[in-house]
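# Descriptive structure summary
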Protein chains: 2
Amino acid sequence: MSPAVATNGFADTQKEEGPSRLPPVYSELQSNRLNHSPPLPSILKSSFKVVDGPPTSAAGNPNEIANLFPNLYGKPSVSLVPGDSEMKGHQSLKIGVVLSGGQAPGGHNVITGIFDYLQERAKGSTLYGFKGGPAGIVRCKYVKLSTELIYPYRNQGGFDMICSGRDKIETPEQLKQAEETVKKLDLDGLVVVGGDDSNTNACLLAENFRSKNMKTQVIGCPKTIDGDLKCKEVPISFGFDTACKIYSEMIGNVMTDARSTGKYYHFIRLMGRAASHITLECALQTHPNIAIIGEEVAAKKLTMKNVTSHIADIICKRLELGLNYGVILLPEGLIDFIPEVKQLIAELNEILVHDVVDEAGMWKRKLRSQSQELFEFLPQAIQEQLLLERDPHGNVQVARIETEKMLIQMVETELDQRKQEGAYKGHFQGQPHFFGYEGRCGFPTNFDANYCYALGYATGVLLHSGKTGLISSVGNLTAPVDEWTVGGTALTSLMDVERRHGKFKPVIKKAMVDLEGAPFMKFASMRDDWAAKNRYLSPGPVQFVGPFANDINYTLMLELGAQFPY
Amino acid sequence: MSPAVATNGFADTQKEEGPSRLPPVYSELQSNRLNHSPPLPSILKSSFKVVDGPPTSAAGNPNEIANLFPNLYGKPSVSLVPGDSEMKGHQSLKIGVVLSGGQAPGGHNVITGIFDYLQERAKGSTLYGFKGGPAGIVRCKYVKLSTELIYPYRNQGGFDMICSGRDKIETPEQLKQAEETVKKLDLDGLVVVGGDDSNTNACLLAENFRSKNMKTQVIGCPKTIDGDLKCKEVPISFGFDTACKIYSEMIGNVMTDARSTGKYYHFIRLMGRAASHITLECALQTHPNIAIIGEEVAAKKLTMKNVTSHIADIICKRLELGLNYGVILLPEGLIDFIPEVKQLIAELNEILVHDVVDEAGMWKRKLRSQSQELFEFLPQAIQEQLLLERDPHGNVQVARIETEKMLIQMVETELDQRKQEGAYKGHFQGQPHFFGYEGRCGFPTNFDANYCYALGYATGVLLHSGKTGLISSVGNLTAPVDEWTVGGTALTSLMDVERRHGKFKPVIKKAMVDLEGAPFMKFASMRDDWAAKNRYLSPGPVQFVGPFANDINYTLMLELGAQFPY
């Protein structure tokens, strides 16, 4: 490849570990985890049958879904039950796997799960890894996975075995090239490891191949640290458990620091774009003084001023108790939940397509008065970020707004005001934090490592049984791994439609925080206590051995009806 | 206490857990560590004698030290050897302990070490904890420590059992009040847990009490995550091991993320003000593409342009290998090591005492031409930070300069230049990080937990033996805990003098990174390999059980002559 073209992880490894290849280096924990065999649910260790459930429908607008997926709509979900195997014809398979979207701990174990299934139950099979995400399918960039190649990634974090990408396979041209690739490689099956968008895309591919009488089956796998791909049959997306535990380790440490120093309010922004699951889970794990849940902000139609005042109220209350420090968690996507901010951003996007930001600020006259008022209310640095941080389409890059710094400044202004009014006598010092990249690529917890391995192994089963258009499903997760259930859920049954550009587009709707769900209700019942008192918890670093090394996260625990220990 | 006055950790706990006291909440790891008994060196578990070494001298300027410490100078250091105890007269003691300076993991174990020693070997003793650092001694703010009070802090991070503070006891007024406090409490001994400044202060207190024929002995204990309090007899300061391992966990995760995404250069600023030990240790643990060691920058008299070019060179080289991502570590105090920047800051401090920053920038004419050139070379945001971020004395608050962002912008500018010259064809994207508070208050590693417990227990021994003016010393640290040596080092033997305001002031000089020491030499021998190739290591989260849970850090290992495994 041309030296001036940057490539990503996997290809780089090939390139740099050329003839003068040095042995790879591993830390002790890396080595320890490399040699760790994740336990499998017992159903996968014995003889099983793949049994169809009843015909399925759709999450919404079933007629539209039936129109979009004529070959797949209505097909049953499946489960594995003990019994004699009835595997389809040929023993060996040619399978392709692709990672799609952002990193999530455990992705490598999905791949090794598929690989090990094939090695153990479909000898002579071939597993191809498409490189750099779905673009690898379109461009036919792949690597044939082998025992040696896979080994360095067992139970390791990251996605660099084959790397990922954010492309979709949507246009007629892309679909055509995908068809050529799977034909060229003679694929019996394709596994798509991704979030809601990627699994929707997987279903479209399955439909497309089926409609052309192509043999290639497509199975999806639920990935995202954000935790927003879930439903009854798919209790949790992988990576969420690990990311939340890594963030909670750091939040707990910051809490101890806050209590030791006694003078800072730490505003911690957490990754997790559309939904606030990560913030909610971390709150349940660490008991911060305040955790802002975006879905609640949206439901109550709160303004920036509401949010700022709420924080200031708690700061004042704590001061009366002699506490001049605290910890506040906020979701990365907070801005997206505040209606007046969304309105401002929409107007900015519109105006700045055409207008130039003039020094005198005349451009602001094009804002509606509510938006102009809000814009002026925001700190200078944030105004600049709103104007300057734009993506190639000219839209504000909301993710780049340092929301924690924005809130600190707004709270400072509010408290200065209260000081002048004599209502606040303290000295407020905010400390901003953003926990993101550190949590996305950590070693998968035992839960994620086991969950992913089972998900991967299960996709092998589903493909071997001739299924297509399903998402790998592992359940009964509050029980020991032995007792986990295994199956596949019809992707069409998770679908609804949205209108985009005058057409109906299928979507798997993101699962937002349910304000009447058990995790949020638990949080809501305890937060006042957490606000005034210090009920901080320090979960500490993830442990891989010991009595609680297999604990699952609280969100899952509560949603599956288990008891919250605090 | 007045509700409007903020107090810190310990007092808050008392206040909020009033009559309606709720049981404290612990995470599972917290509970697990609470019930963990750190092993003691076998010498401390049996009968021992405290044996004097030969008379000691000083690290430098012995005459001046002798003048400043007439009662202490020349006194021997001591070691514990097996044998029958010859403990001084009375069995029970009244001891005070104080935490001084910034947090460091393990501090609580020093206190519990003292407490347990007294419980086990000097029954009927009393241990007082002074609250909020040395100011607690001056103001006589203390708490009587009990089994129940201490229990929730065993093997836990943070300093909130009694909290710390940055005051020193220096002025005649402060010394007088300190004397009154120790007299009022009838203290046989005082333990000062702190860094180089605090231990120097401890020695001055010891000298002062001795000169007035007061019975109160003073023993120091070596604390600092920065790792800059060390010498032959005091091989390492506590807290360094834990902080470096927590930072390395996160650095390793970011490396995996970098390799998975393939497009960012992560610039990671690390805590550790005056010396670059933390950056060096983290480099040895994770093998970043670049680690900037401040002491090397100072020794080679590098300029900002040199540093920027060096980074840009490596980025260009990596691009030729197809690698468009990387990880760069930099010490928080980097700016302090660059002569031209120190010069600029000194001039700014001088000018801005008298002059106002005028819009037209006329004030810049007062800068020397080299300084003005450098100032113009710096990014706008950094210029503003230099002008605005000033402490109450009007000095630039160097710690608040976001050095990682500064370097990203400067590297970007340099690469843009090279692009115009056709020497660089890539697309550079920098990602800034600051790892600080998360590492300062984590659970102490087994090493720090054991080291601190032994240090604390040893101070009990030293006080019980009638010693004063020593710093608790535990050695032979590459061996199992059983074989650790225990003693006390004469603080005067670590001293030198500095001239300040025309007077000689005693100091324990900070241990800077020794460019001819084993850790740096090892780093220097491997860094070119790390720069071009990816030799990344992921140490992962600190483990408390398992085969490597008692590993010590590489700095200590190399300095004590052990083999580096990579």
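Residues numbered from 1 in each chain as written. Chains lettered and ligands numbered in written order. Predicted model: local features only at pLDDT ≥ 70, side-chain atom pairs only at ≥ 80, totals over all residues. Heavy atoms only, no water.

Within an unreviewed UniProt entry, the label attached to chain A reads Pyrophosphate--fructose 6-phosphate 1-phosphotransferase subunit beta, and the organism entered is Theobroma cacao. UniProt lists a comment for chain A under the heading Sequence similarities (unreviewed entry), and it reads "Belongs to the phosphofructokinase type A (PFKA) family. PPi-dependent PFK group II subfamily. Clade 'Long' sub-subfamily." (UniProt positions renumbered as here; feature names shortened; annotations may be inferred.)

## Here we look at the relation of the copies chain A and chain B
Expressed as a screw operation, the relation of chain A to chain B combines 0.0 Å of axial shift with a rotation of 180°, fitting to an RMSD of 0.0 Å. A rotation of that kind, with that shift, is consistent with a two-fold axis. It is Pro 541 of chain A whose C-alpha, among those of chain A, lies nearest the rotation axis, at 2.6 Å. A symmetric contact is evident, with 100% of the interface residues of chain A recurring at the interface of chain B. (Least-squares fit on C-alpha atoms with pLDDT ≥ 70 in both. Contact = heavy atoms within 4.5 Å.)

## Section: helix α11 (residues 277-286) of chain A
Residue and element names in this part refer to chain A. In terms of burial, α11 is a largely internal element, ten of the ten residues being buried. Within α11, burial applies to His 277, Ile 278, Thr 279, Leu 280, Glu 281, Cys 282, Ala 283, Leu 284, Gln 285 and Thr 286. On its buried face, α11 is in contact with α10 (240-261), β8 (265-270), β9 (290-291), β10 (326-331), α21 (518-532) and α22 (554-559). Immediately downstream of α11, the backbone of His 287 shows phi near 60°, a positive value. (Buried < 20%, exposed > 50% of the residue type's maximum accessible area, 1.4 Å probe, protein only. Helix = DSSP H or I, 4+ residues; strand = E, 2+ residues; numbered from the N terminus.)

## Concerning the environment of Gln 30 of chain B
The residue Gln 30 of chain B is located in helix α2 (residues 28-34) in this model. The spacing of Gln 30 of chain B and Arg 154 of chain B is 124 residues in sequence and 9.2 Å in space, taken between C-alpha atoms. Setting aside chain neighbours within four positions, we find Gln 30 of chain B in contact with Leu 537 and Ser 538 of chain A together with Val 25, Gln 156 and Phe 443 of chain B. Of the polar contacts made by the side chain of Gln 30 of chain B, one reaches the backbone nitrogen of Ser 538 of chain A; its length is 3.0 Å. Here Ser 27 of chain B takes part through its backbone nitrogen, which lies 2.8 Å from a polar atom of the side chain of Gln 30 of chain B. (Polar contact = N/O pair within 3.5 Å; in protein donor to acceptor, adjacent residues only side chain to side chain.)

## Some details on the sheet that holds β9 of chain A
All names here are of chain A. Pairing is parallel across the open sheet formed by four strands, whose spatial order is β9-β10-β8-β11. Only two strands of the sheet have a single partner each, and these edge strands are β9 and β11 (430-435). Summarising the sheet, β8 and β10 pair through six bridges and their orientation is parallel. Looking at the pairing, Leu 270 lines up with Pro 331 of β10. Along the sheet, helix α18 (residues 403-420) contacts β8, β10 and β11; its crossing angle with β11, the most-contacted strand, is approximately 165°. (Pairing = 2+ DSSP bridges. Axes fitted to C-alpha atoms, helices over the stretch in contact; angles between N-to-C directions.)

## Focus on the domain arrangement of chain A
Residue and element names in this part refer to chain A. Under the domain assignment used here, chain A contains domain 1 (87-239 + 444-495) and domain 2 (240-441 + 515-560). Between domain 1 and domain 2, the C-alpha centre-to-centre distance is 34 Å. Carbon and sulfur atoms make up 59% of the area that domain 1 and domain 2 hide from each other, which totals about 2,000 Å². The three residues of domain 1 that bury the most area against domain 2 are Ile 225, Asp 226 and Asn 446, which together make up 27% of that side's buried surface. In this structure, the connection of domain 1 to domain 2 is made through one salt bridge. Notably, a salt bridge pairs Lys 230 with Glu 559, separated by 2.9 Å at the nearest N-O pair. Across the side of domain 1 that touches domain 2, the residue classes break down as nine nonpolar, eleven polar and five charged. (Domains from an automatic or database assignment. Buried area = accessible area lost by both parts, 1.4 Å probe. Salt bridge = Lys/Arg side-chain N within 4 Å of Asp/Glu carboxyl O. Nonpolar A, V, L, I, M, F, W, Y, C, P; charged D, E, K, R; others polar.)

## Focus on the UniProt feature "binding site: Mg(2+)" (unreviewed entry) in chain A
Residues and elements named next belong to chain A. Those places that UniProt annotates as "binding site: Mg(2+)" (unreviewed entry) correspond, in this numbering, to Asp 196. Secondary-structure assignment places Asp 196 in helix α9 (residues 196-211). Owing to a relative accessible area of 9%, Asp 196 belongs among the buried residues under this scheme. Those residues in contact with Asp 196 that sit more than four places away from it in its chain are Asp 228, Leu 229, Ile 508 and Lys 510.

## Details of unusual backbone geometry
Residues and elements named next belong to chain B. The backbone of Asn 61 shows a phi angle near 50°, a positive value even though the residue is not glycine. Residue position: Asn 61 is located in the loop between β1 (48-52) and α4 (62-68). Although it is not a glycine, Asn 213 adopts a positive phi angle of roughly 55°. Checked against the element boundaries, Asn 213 lands in the loop between α9 (196-211) and β7 (217-222).

## Some thoughts on the pairing of strand β7 (residues 217-222) of chain A
All names here are of chain A. With six of its six residues buried, β7 lies for the most part within the structure. Burial of the side chains of β7 extends over both faces: Gln 217, Ile 219 and Cys 221 are buried on one face and Val 218, Gly 220 and Pro 222 on the other. Alignment of strand β6 (residues 189-194) against β7, held across six bridges, turns out to be parallel. Across the sheet, residue Leu 190 finds its bridge partner in β7, namely Val 218. Once you follow β6 into α9 and on to β7, the crossover reads as right-handed. With two bridges joining them, β7 and strand β12 (residues 470-475) adopt parallel strand pairing. Across the sheet, Gly 220 pairs through a bridge with Ile 471, a residue of β12. (Right-handed = clockwise from strand over helix to strand, strands pointing away.)

## Considering the interface of chain A and chain B
With 76 residues of chain A at the interface, the matching set in chain B holds 76 residues. Summing both partners gives a buried area of about 6,200 Å² for chain A against chain B, and 54% of it is carried by carbon and sulfur. Run the count over chain A and chain B and you get six salt bridges. Between Arg 440 of chain B and Asp 257 of chain A there is a salt bridge, and its shortest N-O distance comes to 2.8 Å. At the surface where chain A touches chain B, the tally comes to 25 residue pairs in polar contact (both at pLDDT 80 or more). Of all the secondary-structure elements, those providing two or more residues to the side of chain A that touches chain B are α1 (9-16), α2 (28-34), α10, α13 (304-320), β11 and α19 (437-440) of chain A. Looking at the side of chain A that touches chain B element by element, the count peaks at ten residues for α10 of chain A. Across the side of chain A that touches chain B, the residue classes break down as 33 nonpolar, 25 polar and 18 charged.

## Here's the deal with helix α17 (residues 380-388) of chain A
For α17 of chain A, the set of buried residues is Ile 382, Gln 383, Gln 385, Leu 386 and Leu 387 of chain A. Residues of α17 of chain A that are buried in the fold lie against α15 (339-354), α16 (369-377) and α18 of chain A.

## Concerning the nonpolar core
Counting 181 residues, the largest nonpolar core has Tyr 247 and Ile 251 of chain A together with Tyr 247 of chain B as its most contacted members. Aside from chain neighbours lying at most four places away, what touches Tyr 247 of chain A is Ile 225, Leu 270, Met 271, Ile 278, Cys 282, Phe 435, Gly 436, Gly 439 and Arg 440 of chain A. (Core = buried A, V, L, I, M, F, W, Y, C linked by side-chain atoms within 4.5 Å.)

## A few points about the confidence of the model for chain A
Any residue range with low pLDDT should be treated as having predicted coordinates unsuitable for detailed reading. Residues and elements named next belong to chain A. Here chain A shows a mean pLDDT of 91. Residues at 70 or above account for 95%. A low-confidence stretch, residues 1-21 stays under pLDDT 50, and its non-local contacts, those more than four residues away or across chains, total 43 contacts. Per the prediction output, this complex has pTM 0.93; the corresponding ipTM is 0.92. (pLDDT = per-residue confidence, 0-100.)

## Notes on the sheet that holds strand β9 (residues 290-291) of chain B
Residues and elements named next belong to chain B. Spatial ordering of the open sheet is given by β9-β10-β8-β11, a layout of four strands whose pairing is parallel. The sheet is open, and its two edges are formed by β9 and β11 (430-435), each paired on a single side. Across six bridges, strand β8 (residues 265-270) lies against β11 in parallel orientation. Note on β11: the bridge partner recorded for Phe 267 is Pro 432. Each of β8, β10 (326-331) and β11 is contacted by helix α18 (residues 403-420), which is oriented at about 165° to β11, the strand it contacts most.

## Observations concerning the packing of aromatic side chains
The final tally for this structure, using the stated rule, is 28 aromatic pairs over all chains. Between Phe 523 of chain B and Trp 530 of chain B, the aromatic rings sit 6.0 Å apart at their centres with planes inclined by 55°, giving tilted as the arrangement. On the accessibility criterion, Phe 523 of chain B (1% relative accessible area) is buried. Taking relative accessible area as the criterion, Trp 530 of chain B reaches 1% and is therefore assigned buried. Following the ring pairs from residue to residue traces out a cluster consisting of Tyr 117, Tyr 453 and Tyr 457 of chain A. In this structure, Arg 318 of chain A is placed above the aromatic ring of Tyr 325 of chain A, and the distance from its NZ or CZ to the ring centre is 5.5 Å. (Phe/Tyr/Trp six-rings, centres within 6.5 Å; stacked < 30°, edge-to-face > 60°. Lys NZ or Arg CZ within 6 Å of the ring centre and 35° of its normal.)

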